[in-house]
Amino acid sequence: MFGLEKKDLRLLMFVAGLTLLAPFLLNPFPEGSAMAQFNAGYPDLMQRFVIFGIFAIGFNILFGLTGYLSFGHAAFLGVGSYSAMWMFKLFGMNVIPALGLAIAMSGLFAIVIGYVSLRRSGIYFSILTLAFAMMSYALAYSVLATDMDGPDKQGLLQKGLTGGETGLQLTLQDPRILGAQTTESGNIPVPSLFGVEMRSATELNLGDWVFTFSAGYYFSGVIMLLAFYLSIRIFRSPFGMMLRAVKSNQQRLTYTGLNPKPYTLAAFVISGMYAGLAGGLMAAMDPLAGPERMFWTASGEVVLMTILGGAGTLIGPVLGAGAIKYMENILSKINSDILHTWFAFLPDGLENLIVGMIYPFIGKGWHLTLGIIFMLVVIFLPGGLVEGSQRIGRMFKRKQADDDKPTATTEPAE
Amino acid sequence: MGILEVKGVGKRFGGLQALGDVNLSVAENSCHAIIGPNGAGKSTLLNCLIGKLIPDTGSVTFEGQSVLGRSPHEINQMGISRVFQTPEIFADLSVLENMLIPCFAKRDGSFELNAISAVRNQKDVQDKAMHMLEDMNLADKRHMHAASMSRGDKRRLEIAMCLAQEPRLLLLDEPTAGMARADTNNTIDLLKQIKEERDITIAIIEHDMHVVFSLADRITVLAQGTPLVEDTPDKIKGHPKVREAYLGESAD
Ligand SMILES: Nc1ncnc2c1ncn2[C@@H]1O[C@H](COP(=O)(O)OP(=O)(O)O)[C@@H](O)[C@H]1O
Ligand SMILES: [Mg+2]
């Protein structure tokens, strides 16, 4: 079905199931219980899971397949956000054209940046992409943020193309020529899909549990599933195979009559467009775009996500994005008071000692935890979380095989 | 005029004149061996033919067209394939995938954005690759990681990958180096068979005189970057200059 092999179809269905049921799966603890702070099933965070999932899926097409490590992909994220914002400002609040422009503009940027950066490989390629991203950041932060309307006019470009430090925001004066300039109550309209507002949500109360179904989340989720499906097709295509050949032995590839340049450039542009789509979705969920979205730390984050999940695997980037966003949002909210309530059953001295030991790794210290987990994964599980789950799966299988030896069959390779 | 014409080719690495003034004409559908001691410049000469190196002087033409100034993939698409001294394969890919890539390169040219259809649905390419693997007795190993094959298998895979492109000229750089006697004989048989069955020209660099004398129609002896003599195998065997410069080393 969908032109996929059974194995891949199962993976797609698995991800689709997780995505559709996420509001339940991520809210396992009843409201008001001590564990409720580990719930991640609120729209804002779920949207971030899938949007960064898209970003990482696209990044993986470049890095996972060709081995070219870009340190500047956040530039495309930013381009996507600004493009979507301008679409909202000029034409209207429908998210489809906004995402279209986000993809197109980030694709154009990726052609230029990729064409120049891909003249080098290895560390020099990485540095070039980093330089481009920092230039984009500087452009967005100051160069393109100067008043382009002139001192006496108060028009659209009053704060330039990007709005500088405060970012690009919607205003009541935006023309929105194809939609309503203001809502009936005189407010700024919100992004919507043919009338369905992205921020709208319904809540379901089941006993002590509260589940939230957000339009924005499901819209982003469906787009992530499409993006994931497309990436499976790319992985299994001749093009995907050539990209892996680039990583494996570029010399053999050229002496086999294939030109690696257009292959790597196409991979770069495709992954740039994925990033642009993710950036556009961010603006669609929360209509605001700031330069920090292009900062180098944002570029580094997607590298971490991909490696943590498993570079070059299909589902790895999605897992990595989820894991990092979960830690960023959940670990960082735990504070020492919460720790004290958890360990209150211990004798005072011991309680303070344990809280003191854990404290550096939570709250603002969540980066420390992330760093340690990342190091452990890179050292012991170079294939990332995917390799980890495969190992667990194999251990489980072996046990099963030991239990019922006579019926055990060897599985064919692939 | 031969299918490959090398005229006055020279190449210098810093202070080292790796190739002096090489003239070579390889006749169509022949097997031309290039022999010479280590460091004579044999591999360097091949590098100049496939665009890996650009010679400082001279010209290289293949089927009447200049090779110089073209990039390696273009030269390959003209019909020249090379087997390297140490096997160059896609180590991280499966054996079948290694075989599929040259088949795609032959069918689709140097670039094709074929990003949606599945590799396994490309029947023509799949069949051709499987057929080549069967010919080389590698079909059983098709799902193996290419990196985990034996050296002999890697070499045969590389030869098969080159043949899948249906080249007009096949360049082989010491294809039997490091091989056991039995593998060497198999390779000789394989190359003989290729020569008979296909419309192909072979240029081979080889240290093993047994291989050279079983395959070559003509032999060029290279020493210190310049051709010493060029002749038929029988004449080369008896040539005093050659015995002294090269064969002498391995005669005893
Ligand atoms: N890329 C290079 N840079 C510098 N020197 C080289 C290079 N390639 C080959 N040489 C030198 O040129 C000479 C000829 O080398 P080569 O062509 O590999 O000899 P062989 O006949 O054994 O294949 C050797 O002295 C080698 O060290
Ligand atoms: Mg050599």
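Everything below is about the structure printed above this text.
These remarks concern the structure in this document.

The rules behind the values
In this numbering scheme, every chain counts its residues from 1 along its sequence in written order. Chains and ligands are labelled by the order in which they are written, letters from A for the one and numbers from 1 for the other. Only residues with pLDDT of at least 70 get local features here, since the model is predicted, and only at 80 or more are side-chain atom pairs given and counted; chain-wide, interface and lining totals rely on the full set of residues. Hydrogens and water are ignored here; the side-chain numbers use all heavy atoms of the structure. Secondary structure elements are taken from DSSP: a helix is a run of H or I of four residues or more, a strand is a run of E of two residues or more, and numbering for both begins at the N terminus. The globule rule is 2.2 Å times the number of residues to the power 0.38, and the radius of gyration it is compared with is taken over C-alpha atoms. Any residue under 20% of the maximum accessible area for its type is buried, any over 50% is exposed, and the rest in between are partly exposed; the area is computed with a 1.4 Å probe on protein chains only. Should any heavy atoms of two residues lie within 4.5 Å, those residues are considered in contact. Accessible surface area values rest on a Shrake-Rupley calculation with a 1.4 Å probe, where residue burial reflects the displayed protein chains alone. Asp and Glu are treated as the negative residues and Lys and Arg as the positive ones, with His and the ends of the chain left uncounted. Lysine's charge is taken at NZ, arginine's at CZ, aspartate's at CG and glutamate's at CD. Any Lys or Arg side-chain nitrogen located within 4 Å of an Asp or Glu carboxyl oxygen qualifies as a salt bridge. Here a polar contact is recorded for every N or O atom pair within 3.5 Å, except that within protein the pair must consist of a potential hydrogen donor and a potential acceptor, and residues adjacent in sequence are included only if both atoms are side-chain atoms. Nearness is judged by heavy atoms alone; a residue qualifies as near a molecule or strand once a single heavy atom is within 4 Å of it. Nonpolar cores were defined as sets of buried Ala, Val, Leu, Ile, Met, Phe, Trp, Tyr and Cys residues, with membership established by side-chain atoms within 4.5 Å. Ligating atoms shown are N, O and S within 2.8 Å of the metal, or 3.2 Å for Na, K and Ca, and water is not included, meaning a site may look less than complete. By the convention used here, strands pair only if DSSP detects at least 2 bridges between them. Only C-alpha atoms enter the line fits that serve as axes; for helices the fit covers just the stretch in contact. Angles between N-to-C directions range over 0 to 180 degrees.

1. Digging into the overall build of chain A
Line of reasoning, step 1. When helices and strands are tallied, chain A shows 15 helices and 6 strands.
Line of reasoning, step 2. A compact globule built from 414 residues would reach a C-alpha radius of gyration of about 22 Å, and chain A, at 23 Å, matches this within 12%.
Line of reasoning, step 3. Across its three principal directions, the C-alpha atoms of chain A cover 85 × 70 × 45 Å.
Line of reasoning, step 4. Out of the 414 residues belonging to chain A, those deemed buried represent 49%.
Line of reasoning, step 5. Taking contacts inside chain A between residues at least 6 apart in sequence as the whole, the part at least 24 apart equals 69%.
Line of reasoning, step 6. Taken as a whole, chain A presents about 19500 Å² of accessible surface, with 67% of it coming from carbon and sulfur.
Line of reasoning, step 7. Each charge class in chain A can be summarised by its mean position, and for the 27 positive and 26 negative side chains these summaries are 13 Å apart.

2. Concerning the overall build of chain B
Line of reasoning, step 1. Scanning chain B from N- to C-terminus turns up 9 helices and 10 strands.
Line of reasoning, step 2. Taking 2.2 N^0.38 as the reference for a compact globule, 252 residues should give roughly 18 Å; the C-alpha atoms of chain B span a radius of gyration of 19 Å, in line with that estimate.
Line of reasoning, step 3. Projected onto the principal axes, the alpha-carbon positions of chain B cover approximately 60 × 40 × 35 Å.
Line of reasoning, step 4. In chain B, which comprises 252 residues, the proportion classed as buried is 53%.
Line of reasoning, step 5. Across chain B, the fraction of contacts at a sequence separation of at least 24, relative to all contacts at a separation of at least 6, is 66%.

3. Some remarks on the interface of chain B and chain A
Line of reasoning, step 1. The interface of chain B with chain A comprises 40 residues on the first partner and 29 residues on the second.
Line of reasoning, step 2. Summed over the shared surface of chain B and chain A, the number is 3 salt bridges.
Line of reasoning, step 3. Between glutamate 97 of chain B and arginine 244 of chain A there is a salt bridge, with the nearest N and O atoms lying 2.5 Å from each other.
Line of reasoning, step 4. Summed over the shared surface of chain B and chain A, the result is 23 residue pairs in polar contact (both at pLDDT 80 or more).
Line of reasoning, step 5. Where the side of chain B that touches chain A is concerned, the elements lending two or more residues are α2 (72-78), β6 (80-83), α3 (95-108) and α5 (151-164) of chain B.

4. Quick notes on the site of ligand 1
All names here are of chain B.
Line of reasoning, step 1. Around ligand 1 lies a shell formed by Phe13, Leu16, Ala18, Pro37, Asn38, Gly39, Ala40, Gly41, Lys42, Ser43 and Thr44.
Line of reasoning, step 2. At 2.8 Å, a backbone N or O of lysine 42 approaches an oxygen atom of ligand 1.
Line of reasoning, step 3. Threonine 44 is positioned with one of its side-chain polar atoms (N or O) 2.5 Å from an oxygen atom of ligand 1.
Line of reasoning, step 4. Bound to the protein, ligand 1 loses 59% of the 560 Å² it would expose on its own.
Line of reasoning, step 5. Elements with a minimum of two residues in the shell around ligand 1: β2 (16-26) and α1 (42-49).
Line of reasoning, step 6. With 3 residues, the single largest contributor to the shell around ligand 1 is α1.

5. Thoughts on unusual backbone geometry
All names here are of chain B.
Line of reasoning, step 1. In this model, glutamate 166 sits at a positive phi of 50°, which is unusual for a non-glycine residue.
Line of reasoning, step 2. When you line up the elements, glutamate 166 lands in the loop between α5 and β7 (169-173).
Line of reasoning, step 3. Taking the relative accessible area as the measure of exposure, glutamate 166 reaches 43% and is therefore partly exposed.
Line of reasoning, step 4. The backbone phi angle of glutamate 174 is positive, close to 45°, even though this residue is not glycine.
Line of reasoning, step 5. Within the secondary structure, glutamate 174 is located in the loop between β7 and α6 (181-197).
Line of reasoning, step 6. Judged by relative accessible area, which is 7%, glutamate 174 ranks as buried.

6. A look at the nonpolar core
Line of reasoning, step 1. In terms of nonpolar packing, the biggest core is built from 160 residues, with Phe88 of chain A together with Leu157 of chain B touching the most fellow members.
Line of reasoning, step 2. Once you skip the residues sitting within four places of it in the chain, leucine 157 of chain B turns out to touch Ile89, Val95, Asn98, Met99, Leu133, Leu138, Ala146 and Met149 of chain B.
Line of reasoning, step 3. Grouped together as the second largest cluster of nonpolar side chains are 27 residues, Val6, Leu19, Cys48 and Ile80 of chain B included.

7. Concerning the coordination of the magnesium ion (ligand 2)
Residues and elements named next belong to chain B.
Line of reasoning, step 1. For the magnesium ion (ligand 2), the full set of protein donor atoms is Ser43 (OG) and Gln85 (OE1), and the range of their distances to it is 2.1 to 2.5 Å. Of this pair, serine 43 sits in helix α1 while glutamine 85 sits in the loop between β6 and α3, placing them 42 residues apart in sequence.
Line of reasoning, step 2. Judged by relative accessible area, serine 43 falls into the partly exposed class, the value being 23%.
Line of reasoning, step 3. Using a relative accessible area of 32% as the deciding quantity, one classes glutamine 85 as partly exposed.

8. Section: the sheet that holds strand β4 (residues 57-62) of chain B
Across a sheet, strands are paired by hydrogen bonds formed along the backbone, either parallel or antiparallel in direction.
All names here are of chain B.
Line of reasoning, step 1. Strand order in the open sheet made by the 4 strands is β2-β1-β4-β5, with antiparallel pairing throughout. Each edge of the sheet is formed by a strand with only one pairing partner; in this case those strands are β2 and β5 (65-66).
Line of reasoning, step 2. Sheet topology places strand β1 (residues 4-13) next to β2; 7 bridges connect them, and they run antiparallel. By the bridge assignment, arginine 12 is partnered in β2 with glutamine 17.
Line of reasoning, step 3. Against the sheet, α1 contacts β1, β2 and β4, and its axis sits at roughly 65° relative to β2.

9. A few points about the sheet that holds β6 of chain B
All names here are of chain B.
Line of reasoning, step 1. In space, the 6 strands of this open sheet follow the order β6-β7-β8-β3-β9-β10, with mixed pairing throughout. One side of each edge strand has no neighbouring strand; the edge strands of this open sheet are β6 and β10 (226-231). Between one strand axis and the next, the sheet turns through 15° on average, direction left out of account.
Line of reasoning, step 2. Relative to the sheet, α5 contacts β6 and β7, its axis offset from that of β6 by approximately 180°.

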